[in-house]
Amino acid sequence: MTSRLKRLAVASLATALATLGITVANPSPASAAMTICYNTSQAGSYASVANQAATIWNNATVNLTLSANCGSNLRIYRITGGGSYAQRTSLGNGRVYIDTQQAAQYSVLRIMTHEIGHILGLPDNYNGNCALLMSGGSAGTSCTNAYPSTAEANRVSNLFAGTFAATERSADRAGADIFRDSWPSMLTSVS
């Protein structure tokens, strides 16, 4: 069995087990099918956070590896104001913008890992569940979970394995390549 088929079999098994409610750890890939080169030259003080987020995704998925400053599939920017967001141009390609104001309210590692999740093909899920990375800011400012759930990681692994039909992949995009409003501003009480 080729290593690609082995990785696909492991990802499929993990997805099936997750469907049954059984959680398994995803093994690190022996060799990745795709390398996503990310560039942190405009990330400022968030460059090390981008590296941490890349490590999280590398350990959680198969079929891809995020690698620092080997190219520019993914560019990461530090901005002030306007909110953190991702702009995906295609699967594995795009830009992530981390807003310093939101990073002061929410876990910056959670924001970074979440926004990279959009570049890797995941949509927002505003259900408020802190265990789901893609719930973003709906889980509140106290949520610091920066790790994708087994289902989220398996979805990314399957997208990069090419196991979904083109219609399923494009359905994730739903005509919107810019993912905004994942991180609402901190609410203030009115007396």
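This text follows the structure it describes.
Residues numbered from 1 in each chain as written. Predicted model: local features only at pLDDT ≥ 70, side-chain atom pairs only at ≥ 80, totals over all residues. Heavy atoms only, no water.

### A word on the state of the cysteines
Part 1 of the reasoning: A full pass over the atoms with the stated rule returns two disulfides.
Part 2 of the reasoning: Two residues share a disulfide in this structure: Cys-37 and Cys-70, whose sulfurs sit 2.0 Å from each other. Between Cys-37 and Cys-70, the S-S torsion sits near -105 degrees, and that sign places the bridge as left-handed. Residue Cys-37 is found in strand E1 (residues 35-42), and its partner Cys-70 is found in the loop between strand E2 (65-68) and strand E3 (74-79); the two are separated by 33 residues along the sequence.
Part 3 of the reasoning: Judged by relative accessible area, Cys-37 falls into the buried class, the value being 12%.
Part 4 of the reasoning: The partner cysteine of Cys-130 in its disulfide is Cys-143, sulfur to sulfur 2.0 Å. Judged by the sign of its S-S torsion, about 85 degrees, the bond between Cys-130 and Cys-143 is right-handed. Of this pair, Cys-130 sits in the loop between helix H4 (108-119) and helix H5 (150-161) while Cys-143 sits in the loop between H4 and H5, placing them 13 residues apart in sequence.
Part 5 of the reasoning: When its relative accessible area of 4% is taken as the criterion, Cys-143 is described as buried. (Disulfide = S-S within 2.5 Å. Helix = DSSP H or I, 4+ residues; strand = E, 2+ residues; numbered from the N terminus. Buried < 20%, exposed > 50% of the residue type's maximum accessible area, 1.4 Å probe, protein only.)

### What about H4?
Part 1 of the reasoning: Relative to the 16 Å expected for twelve residues at 1.5 Å per residue, H4 spans 17 Å between its end C-alpha atoms, a close match to the ideal helical length.
Part 2 of the reasoning: With eleven of its twelve residues buried, H4 lies for the most part within the structure.
Part 3 of the reasoning: Every buried residue belonging to H4 is among Leu-109, Arg-110, Ile-111, Met-112, Thr-113, His-114, Glu-115, Ile-116, Gly-117, His-118 and Ile-119, and all of these are buried.
Part 4 of the reasoning: Trailing H4 by a residue or two, Gly-121 shows a phi angle of about 110 degrees, which is positive. (Expected span 1.5 Å × (residues − 1).)

### Side note on the packing of aromatic side chains
Part 1 of the reasoning: Counted under the stated rule, the structure contains two aromatic pairs.
Part 2 of the reasoning: For the pair Tyr-77 and Tyr-97, a centre-to-centre distance of 5.0 Å together with 15 degrees between the ring planes defines the contact as stacked. Of the two residues, Tyr-77 is situated in strand E3 and Tyr-97 in strand E5 (residues 93-99); the sequence distance between them amounts to 20 residues.
Part 3 of the reasoning: On the numbers, 4.5 Å between centres and 20 degrees between planes, the contact of Tyr-85 with Tyr-97 is stacked. Remark: Tyr-97 occurs in strand E5 and Tyr-85 occurs in strand E4 (residues 85-90); sequence separation between them is twelve residues.
Part 4 of the reasoning: Classification of Tyr-85 as buried rests on a relative accessible area of 13%.
Part 5 of the reasoning: One aromatic cluster in this structure is built from Tyr-77, Tyr-85 and Tyr-97.
Part 6 of the reasoning: Above the plane of the ring of Tyr-46 lies Arg-78, whose end atom (NZ or CZ) is 5.5 Å from the centre. (Phe/Tyr/Trp six-rings, centres within 6.5 Å; stacked < 30°, edge-to-face > 60°. Lys NZ or Arg CZ within 6 Å of the ring centre and 35° of its normal.)

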